[in-house]
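Residue-level listing of the chains:
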Amino acid sequence: MPPLLLQLALVLVGFAGSAIAAPIGSVEVRFIEPDKYVDANNRFSSGLGSEATLAELRRVIEQVTSPFLAPGERLVVEILDVDLAGFPNPGANFPYGLRVVTDATPPSFRLRYTLTDRRGRRIASNEERVSDINFLLGARSAQSGSFPYERELLREWARRRFANRR
């Protein structure tokens, strides 16, 4: 093997070894009886289907909570209910539908979570309703991506619950 390739291989092995030595915390999201959720089941055949909605919400929850976990910690979030911001207007913007968002239609989640350390000991757990009636006051002017109001709500929830415990 040429010396340059050998050096590159050793560097890559070193990076892989350091990643193995310092595993990050893990997040598991479970949807409990999603067919009973207030708003994620696409009742009007508009917008994303329920599977796509839940997959995106899983990704959002994993993304906003994982920065607050220490190596070896495990967070299990069980989603008990989902009520997305706004309400569907099935006749608008066919075939995808349109959500009409007002200050009277905040996003809301009912969830249960358990945070454990690397030995499996419970650090924190709770069941709560996460919502913010003032969600539009803190809305960013350049929101992009799917579920911007829900993302911001869940980001703030994760920060309040998990950021200042170390």
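Right above here is the structure, for reference.
Just so you know, these numbers come straight off a predicted model, no measurement behind them. Numbering of residues starts from 1 in every chain and runs along the sequence as written. Reporting in this predicted model follows two pLDDT cut-offs: at least 70 for local features of residues, and 80 or more for side-chain atom pairs to be given and counted; totals over whole chains, interfaces and linings ignore these cut-offs and use all residues. As a convention, hydrogens and water are excluded, and side-chain values are obtained from all of the structure's heavy atoms.

*Asks:* Help me understand the packing of aromatic side chains, please; the structure alone is not making it clear to me.
*Replies:* Here the distance between the centres and the angle between the planes together describe a pair of aromatic rings. Pairing of aromatic rings covers Phe, Tyr and Trp, the last counted by its six-membered ring, and requires centre-to-centre distances within 6.5 Å; plane angles under 30 degrees mean stacked, over 60 mean edge-to-face, and any other angle means tilted. A complete count under the given rule lists four aromatic pairs for this structure. Judged by centre distance (5.4 Å) and plane angle (85°), the ring pair of Tyr113 and Phe162 falls under edge-to-face. Of the two residues, Tyr113 sits in strand 5 (residues 108-116) while Phe162 sits in helix 3 (residues 148-162), which places them 49 residues apart along the sequence. Three or more aromatic residues joined by ring pairs form one cluster here, namely Tyr113, Trp157 and Phe162. Secondary structure is summarised from DSSP: a helix means a run of H or I of at least four residues, a strand means a run of E of at least two, and numbering begins at the N terminus for each.

*Asks:* How should I be thinking about the pairing of strand 2 (residues 74-83) in this particular structure?
*Replies:* Successive residues of a regular strand alternate their side chains across the two faces of the sheet. Any residue under 20% of the maximum accessible area for its type is buried, any over 50% is exposed, and the rest in between are partly exposed; the area is computed with a 1.4 Å probe on protein chains only. Burial runs high along strand 2: eight of the 10 residues are buried. Strands qualify as paired when DSSP identifies two bridges or more between them. In terms of strand pairing, strand 1 (residues 26-31) meets strand 2 through six bridges, oriented parallel. When the sheet's bridge partners are listed, Arg30 is paired in strand 2 with Glu78.

*Asks:* Would you mind going over the sheet that holds strand 5 with me for this structure?
*Replies:* The strand order across the open sheet built from four strands is 1-2-5-6, with neighbouring strands paired in mixed fashion. At either margin of the open sheet sits one strand with a lone partner, and together these are strand 1 and strand 6 (122-131). Between one strand axis and the next, the sheet turns by 15° as a mean value, whatever way the strands run. Taken together, the nine bridges between strand 2 and strand 5 define a ladder with antiparallel strand orientation. Bridge pairing in strand 5 places Leu75 opposite Leu115. Only heavy atoms enter the contact rule, under which two residues are in contact if any of them lie within 4.5 Å. Fitted lines through C-alpha atoms give the axes, limited to the stretch in contact for helices. The angle between two N-to-C directions lies from 0 to 180 degrees. This element, helix 2 (residues 50-65), spans strand 1, strand 2 and strand 5 of the sheet and lies at about 150° to strand 1. Where helix 3 meets the sheet, it contacts strand 2, strand 5 and strand 6, and its direction lies at approximately 35° from that of strand 5.

*Asks:* Would you mind showing me how to read unusual backbone geometry here?
*Replies:* One can expect most non-glycine residues to show negative phi and most peptide bonds to be in trans. A positive phi angle, near 45°, is found at Glu33, a position not held by glycine. Within the fold, Glu33 resides in the loop between strand 1 and helix 2. Judged by its relative accessible area of 45%, Glu33 falls in the partly exposed class. Positioned with a positive phi, Phe147 is a non-glycine residue whose angle comes to about 55°. With respect to the helices and strands, Phe147 occurs in the loop between strand 6 and helix 3. Given a relative accessible area of 12%, Phe147 falls into the buried group.

*Asks:* Can you help me understand the packing of helix 2 against helix 3 in this one?
*Replies:* To describe two helices that pack against each other, one gives the angle between their axes and the distance between the axes. Close contact between helix 2 and helix 3 brings their axes to 9 Å; oriented N to C, the two are set at 35°. Between helix 2 and helix 3 the crossing geometry is right-handed. For the pair helix 2 and helix 3, contact is made by Glu56, Arg59, Val60, Ile61, Gln63, Val64 and Thr65 and by Arg151, Leu154, Arg155, Trp157 and Ala158, respectively. With the far helix as reference, a near helix turned anticlockwise by less than a right angle produces a left-handed crossing, and one turned clockwise produces a right-handed crossing.

*Asks:* Would you mind going over the nonpolar core with me for this structure?
*Replies:* Soluble, globular proteins show a tendency: their nonpolar side chains are buried together. In these notes, a set of buried Ala, Val, Leu, Ile, Met, Phe, Trp, Tyr and Cys residues joined through side-chain atoms within 4.5 Å is what counts as a nonpolar core. Formed by 28 residues in total, the largest nonpolar core has its most connected members in Leu57, Ile79, Val82, Phe109, Leu111 and Phe162. Contributing elements (two or more residues each) for this core: strand 1, helix 2, strand 2, strand 5 and helix 3.

*Asks:* How should I be thinking about helix 2 in this particular structure?
*Replies:* Structurally, the α-helix is built with 3.6 residues per turn, so residues lying three or four positions apart point the same way. A helix is expected to span 1.5 Å for every residue after the first. Between its first and last C-alpha atoms helix 2 spans 22 Å; for 16 residues at 1.5 Å apiece the expected length is 22 Å, and the two agree. Taken as a whole, helix 2 has its buried residues at Thr53, Leu54, Glu56, Leu57, Val60, Ile61, Val64 and Thr65. The buried residues of helix 2 occupy an angular sector of 160° when the element is viewed end-on, so they sit on one face. Elements that come into contact with the buried residues of helix 2 comprise strand 1, strand 2, strand 5 and helix 3. Arc, as used here, means the arc of the directions from the helix axis to the C-beta atoms.

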